[in-house]
Amino acid sequence: MTKVRREYLHGPNPPISLNSTYYKGQRSVYGRETNPTWEYLEDEIGALEGGLCTVFASGMGAIASIVATLSASQHLYLASDAYNGTRRLSEYLARAGRVAMTYVTPEEIREASFLKGAKKGDLFFFESPSNPELNIYDIFEIASACKKSGLMVVIDNTFATPILQNPLSLGVDVVVHSLTKAISGHSDVLGGAVVVRDENLHDDFRLRRSLLGAIPSSQDVFLILRGLKTLELRMGRATENATKAFELFHERMSSSSLHYPFHPDSPEFKVAKAQMKGGGAMLSVVFDGATQADGFIEALKVFHKATSLGGVESLVERRALRDGEENTHPGLVRLSFGIEHWNDLERDLIEALNSIGL
Ligand code: PLP
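Bear in mind the structure is a predicted one, so any value in this text is a computation, not a measurement.

## A look at the overall build of the chain
No. 1: Helix and strand content of the chain: 12 helices and 12 strands.
No. 2: The principal-axis extents of the C-alpha atoms in the chain amount to approximately 70 × 55 × 35 Å.
No. 3: Here the chain, with 358 residues, has 56% of them falling under the buried criterion.
No. 4: A fraction of 70% describes how many contacts in the chain between residues 6 or more apart in sequence connect residues 24 or more apart.
No. 5: Looking at the chain as shown, the accessible area adds up to about 15600 Å², and 52% of this sits on carbon and sulfur atoms.

## Concerning the sheet that holds strand β12 (residues 332-336)
No. 1: Read across the sheet, 5 strands follow the order β8-β9-β12-β11-β10 without closing on themselves; strand pairing throughout is mixed. On the outer flanks of this sheet lie β8 (258-259) and β10 (304-305), each paired with one strand and no other.
No. 2: Sheet topology note: the β8/strand β9 (residues 282-286) ladder contains 2 bridges and is antiparallel. Across the sheet, His259 pairs through a bridge with Ser284, a residue of β9.

## Considering the domain arrangement of the chain
No. 1: By the assigned domains, the chain splits into domain 1 (36-228) and domain 2 (231-355).
No. 2: Taking the mean C-alpha position of each, domain 1 and domain 2 sit 24 Å from one another.
No. 3: Of the residues lining the interface, 32 residues belong to domain 1; the matching set on domain 2 comes to 33 residues.
No. 4: Note on domain 1 versus domain 2: buried area summed over both sides is about 2700 Å², and carbon and sulfur give 58% of it.
No. 5: At the surface where domain 1 touches domain 2, the tally comes to 3 salt bridges.
No. 6: Taking the shortest distance from any N to any O, the salt bridge between Arg88 and Asp323 comes out at 3.9 Å.
No. 7: For the interface between domain 1 and domain 2, the tally reads 18 residue pairs in polar contact (both at pLDDT 80 or more).
No. 8: The set of elements that each furnish at least two residues to the side of domain 1 that touches domain 2 consists of α3 (84-95), α6 (161-164) and α8 (218-228).
No. 9: Residue composition of the side of domain 1 that touches domain 2, by class: 15 nonpolar, 11 polar and 6 charged.

## Brief notes about the side chain of Ser28
No. 1: Tracing the sequence through the fold places Ser28 in the segment before α1 (36-49).
No. 2: Those residues in contact with Ser28 that lie beyond four places of it in its chain are Tyr22, Tyr23, Thr34, Asn35 and Pro36.

## Regarding the pattern of salt bridges
No. 1: The final tally for this structure, using the stated rule, is 12 salt bridges.
No. 2: With a shortest N-O distance of 2.8 Å, Asp122 and Lys119 are connected by a salt bridge.

## A look at the site of the ligand
No. 1: Around the ligand lies a shell of 14 residues, among which Gly59, Met60, Asp156, Ser178 and Thr180 are the nearest.
No. 2: In this structure, an oxygen atom belonging to the ligand sits 2.8 Å away from a main-chain N or O atom of Gly59.
No. 3: Ser178 places a side-chain nitrogen or oxygen 2.8 Å from an oxygen atom of the ligand.
No. 4: Protein coverage of the free-state accessible area of the ligand, which is 390 Å², stands at 91%.

## Description of the environment of Gly121
No. 1: When you line up the elements, Gly121 lands in the loop between α4 (106-110) and β4 (123-127).
No. 2: The class for Gly121 is partly exposed, based on a relative accessible area of 30%.
No. 3: The spacing of Gly121 and Thr158 is 37 residues in sequence and 25 Å in space, taken between C-alpha atoms.
No. 4: Discounting residues that sit within four places of it in the chain, Gly121 has contacts with Gln74 and Gly150.

## A few points about the sheet that holds strand β7 (residues 192-196)
No. 1: Ordered by their spatial adjacency, 7 strands build an open sheet running β1-β7-β6-β5-β4-β2-β3, and the pairing between neighbours is mixed. The open sheet has two edge strands, β1 (52-56) and β3 (100-104), and neither has a second partner. Adjacent strand axes in the sheet meet at a mean angle of 20° when their direction is disregarded.
No. 2: Bridging between strand β6 (residues 174-178) and β7 involves 5 bridges; their strand directions are antiparallel. Residue pairing for β7: Val174 is matched across the bridge by Val196.
No. 3: Contacting β1, β6 and β7, α1 runs over the sheet at an angle of about 130° to β1.

Thresholds applied
Residues numbered from 1 in each chain as written. Predicted model: local features only at pLDDT ≥ 70, side-chain atom pairs only at ≥ 80, totals over all residues. Heavy atoms only, no water. Helix = DSSP H or I, 4+ residues; strand = E, 2+ residues; numbered from the N terminus. Buried < 20%, exposed > 50% of the residue type's maximum accessible area, 1.4 Å probe, protein only. Contact = heavy atoms within 4.5 Å. Areas by Shrake-Rupley, 256 points an atom, 1.4 Å probe, with all protein chains shown as cover. Pairing = 2+ DSSP bridges. Domains from an automatic or database assignment. Buried area = accessible area lost by both parts, 1.4 Å probe. Salt bridge = Lys/Arg side-chain N within 4 Å of Asp/Glu carboxyl O. Polar contact = N/O pair within 3.5 Å; in protein donor to acceptor, adjacent residues only side chain to side chain. Nonpolar A, V, L, I, M, F, W, Y, C, P; charged D, E, K, R; others polar. Near = heavy atom within 4 Å. Axes fitted to C-alpha atoms, helices over the stretch in contact; angles between N-to-C directions.

The structure is reproduced here in structure tokens:
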């Protein structure tokens, strides 16, 4: 925790402001525009990412403040491996004729070839690591290429968190987070954030939040702040667990069936090492098919069988079962590592693998 907003400090924890309106002369005027508890969280996330933060009601609220407010002349270039909610919202708006968009494949991102058709003022939105294949892109290279063509670059940094990766320092214009995941860290609250360096853009995001009404409750923001206090510790332990699990799977399965940012056999390993401080808490494993994957998941006892990620408890799901994931390999199992003792997770994984003959 870095900068502290001392004017709210009555003790180690910030007050939860439950006002929908404020007396004349206060910093806040109306509850949809500002709230002192939000500002406390915004200072912390802004300091961690190195920019100015606006918090939202959810990750999708933050993403909608970008994708749903594009001007008629702006073209959206969206990574084809972006989160399914981002894709589904963009497709919804495109169907309604309100957004002009083009999907960009991993190859087109790496070669920056999509920029040939782009013009100044367009927007490129991507993730690194992506979901669920954990593809890695060279953030600095991509941001530099986009800048030359005059595009605004947005990255969803939910998987890495600001503990492992700071995209603003690599030239990205806008960082988005789902605070529902590792930043809050306890699977008990939803939230989102947008972080930028430019002050005018920051003011604009605050306006968009207010006009869209995508505002978080101050009680939820308090919970996110509480989770944030242990983010670094949790990310450290969860990353250790994921790394050990990667090694365990690697002993029993082919290298190509494993997706992990710090996979030593991956062509992107060097890039990942250069821009991330650790491989992170997410690991995807591709089994032969749905039956084998389901058998593995069913046999697990310690992992919670649920979607989402970033909580203190380890989660497991077969990703193709989610809406918008129809193109995901039917045998892909996504694991989100929590902070349990490794011995418990190890035993669970070994028994589950043994039960399907691996
Ligand atoms: N971005 C990523 C990478 C996600 O995984 C998710 C949710 O799973 C979101 C954004 C959306 O966040 P929220 O569920 O908080 O709206």
